[in-house]
Amino acid sequence: KMSKSLGNGIDPLEIIDKYGTDALRLSLVMGITPGNDIRYMPEKLESASNFANKLWNAAKFVLMNIDSSNMDNAEIDISKLEYEDKWILSKLNTLIKEITANIDNFDIGVYAQKIYDFTWNEFCDWYIELAKPRMNGTDEEQKANVRAILNRVLMDSLKLLHPFMPFITEEIWG
């Protein structure tokens with residue numbers, strides 16, 4: 001427990017300077033349950049800061065490999081989907097359905113944890129790595145499809161993360 005009179009509190013401005021506003025917001029939201037106090041843990045701050053860095057690097061990779069002038073109209077060609085494309089799109093759709101229910105039930109901590117896990121584990125660690133060989137291949141139709149999928153998953157992830165990480169998601173979106 002923090003107390004001003006005991007001098008054992010933290011200065012949020014110092015934390016923001018060290019880790020960033022979005023990392024502080026995400027670390028406070030993750031793991032909360034209705035009716036319980038929020039526990040401040042420096043490890044959560046470090047994890048949230050690492051997540052922001054991971055998100056930034058994933059977005060940089062995706063944006064570097066797509067034609068941003070044409071991506072708003074890019075369609076995913078369902079007939080050209082590979083197994084990993086179907087997997088990530090299925091995971092994304094399941095995530096959206098689950099976290100919609102979490103929001104409806106005010107399970108904000110569960111919502112934050114699910115989008116964190118999806119973005120870090122499924123999208124960044126797996127799908128981007130599986131997409132890289134196809135991005136470097138010679139099949140232009142396959143490249144265009146992978147670009148459209150990467151763009152869709154990134155943009156949907158940014159939308160889902162925006163309530164907790166508004167500054168970094170806005171910067172990437174712009």
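None of the values given here were measured: they were computed from a predicted structure.

Here is what the cut-offs are and how they apply
- Once a new chain begins, its residue numbering starts again from 1 and follows that chain's sequence as written.
- Restriction of local features to residues with pLDDT of at least 70 applies here, the model being predicted, together with a cutoff of 80 or more for giving and counting side-chain atom pairs; totals for whole chains, interfaces and linings are based on all residues.
- Values reported for side chains reflect all heavy atoms of the structure, with hydrogen atoms and water molecules removed beforehand.
- Strands are runs of DSSP state E lasting at least two residues, helices are runs of H or I lasting at least four, and both sets are numbered from the N terminus onward.
- Each residue is assigned to one of three classes by its accessible area relative to the maximum for its type, calculated with a 1.4 Å probe on protein chains only: buried under 20%, partly exposed between the two thresholds, exposed over 50%.
- We call two residues in contact when some of their heavy atoms are within 4.5 Å.
- To be clear on the numbers: accessible area is Shrake-Rupley with a 1.4 Å probe, and residue cover counts the displayed protein chains and nothing else.
- The positive count covers Lys and Arg only, the negative count covers Asp and Glu only, and His and the chain ends enter neither.
- One atom stands in for each charge, and that atom is NZ of Lys, CZ of Arg, CG of Asp or CD of Glu.
- By convention in these notes, a salt bridge is any Lys or Arg side-chain nitrogen within 4 Å of a carboxyl oxygen on Asp or Glu.
- Paired rings are identified among Phe, Tyr and Trp, the last through its six-membered ring, by centres lying within 6.5 Å, and are further divided according to the angle between planes into stacked (under 30 degrees), edge-to-face (over 60) and tilted (the rest).
- Each ring is checked for a lysine NZ or an arginine CZ that lies within 6 Å of its centre and within 35 degrees of its normal; such an atom marks a charge sitting over the ring.
- By this rule the span expected of a helix is its residue count minus one, scaled by 1.5 Å.
- Lines fitted to C-alpha atoms define the axes here, with helix axes fitted over just the stretch in contact, and angles between the N-to-C directions of these axes take values from 0 to 180 degrees.
- Working definition: roughly parallel below 35 degrees, roughly antiparallel above 145 degrees, roughly perpendicular at 65 to 115 degrees, and oblique for all remaining angles.
- Per-residue confidence from the predictor is reported as pLDDT, which spans 0 to 100.
- Should the near helix be turned anticlockwise from the far one by less than a right angle, the crossing is left-handed, and should it be turned clockwise, the crossing is right-handed.
- Gly is placed with the polar residues, together with every amino acid not listed as nonpolar (Ala, Val, Leu, Ile, Met, Phe, Trp, Tyr, Cys and Pro) or charged (Asp, Glu, Lys and Arg).

## A word on the overall build of the protein
- For the protein, the helix and strand inventory stands at 7 helices and 0 strands.
- Listed N to C, the secondary structure of the protein is α-α-α-α-α-α-α in terms of helices and strands.
- Summarising its shape, the C-alpha atoms of the protein cover approximately 65 × 35 × 25 Å along the three principal directions.
- Residue burial in the protein is summarised as follows: out of 174 residues, 39% are buried.
- Of the contacts made within the protein by residues no fewer than 6 positions apart, 72% connect residues no fewer than 24 positions apart.
- Total accessible area computed for the protein in this model is approximately 10,400 Å², and 53% of it derives from carbon and sulfur atoms.
- If the 19 positive side-chain charges of the protein are averaged to one point and the 27 negative ones to another, these points end up 3 Å apart.

## Examining the pattern of salt bridges
- For the structure shown, the criterion picks out 10 salt bridges.
- Lys143 is the salt-bridge partner of Glu140, the closest N and O atoms lying 3.5 Å from each other. Of this pair, Glu140 and Lys143 are both found in helix H6 (residues 140–161), 3 residues apart, which corresponds to roughly one turn of the helix.
- Three or more residues are tied together by salt bridges with common partners; here these are Glu84, Asp85 and Arg134.

## Topic: the packing of aromatic side chains
- Inspection of the entire model under this criterion finds 4 aromatic pairs.
- An aromatic cluster is defined as three or more aromatic residues linked by ring pairs; in this entry it consists of Phe51, Tyr116 and Trp120.
- A cation sits over an aromatic face here: Lys132 above Phe61, 5.4 Å from the ring centre.

## Comments concerning unusual backbone geometry
- Look at Phe106: it is not a glycine, yet its phi comes out positive at around 60°.
- Along the chain, the position of Phe106 falls in the loop between helix H4 (83–104) and helix H5 (108–135).

## Re helix H3 (residues 42–65)
- Between its first and last C-alpha atoms H3 spans 35 Å; for 24 residues at 1.5 Å apiece the expected length is 34 Å, and the two agree.
- Taken together, the buried positions of H3 are occupied by Leu45, Ala48, Phe51, Ala52, Leu55, Ala58, Ala59, Phe61 and Val62.
- On its buried face, H3 is in contact with helix H1 (12–19), helix H2 (21–29), H5, H6 and helix H7 (166–173).

## Points about the packing of H4 against H5
- Packing of H4 against H5 leaves a shortest axis separation of 10 Å and a crossing angle of 170°. In terms of orientation, H4 lies roughly antiparallel with respect to H5. Counting all contacts with H4, which are made through Glu84, Asp85, Trp87, Ile88, Lys91, Leu92, Leu95, Glu98, Ile99, Asn102 and Ile103, the residues of H5 involved are Ile108, Val110, Tyr111, Lys114, Ile115, Phe118, Glu122, Phe123, Trp126, Tyr127, Leu130 and Arg134.

## So, the confidence of the model for the protein
- Scored by pLDDT, the protein has a mean of 89; 94% of the residues are at 70 or more.
- Predicted confidence in the protein is weakest over H1, with a mean pLDDT of 89, and strongest over H4, with 96.

## Considerations on H7
- Buried within H7 are the following residues: Pro166, Ile168, Thr169 and Ile172.
- Those residues of H7 hidden inside the fold are in contact with H2, H3 and H6.

## Quick notes on the packing of H2 against H3
- Two numbers describe how H2 lies on H3: the axes approach to 8 Å, and their chain directions differ by 125°. As far as their axial angle goes, H3 and H2 are oblique. Read as a crossing pair, H2 and H3 show a hand that is right-handed. From H2, Ala23, Leu24, Leu26 and Ser27 reach across to H3, where they touch Lys44, Leu45, Ala48, Ser49 and Phe51.
- When grouped by side-chain class, the residues that make up the contact of H2 with H3 number 6 nonpolar, 2 polar and 1 charged.

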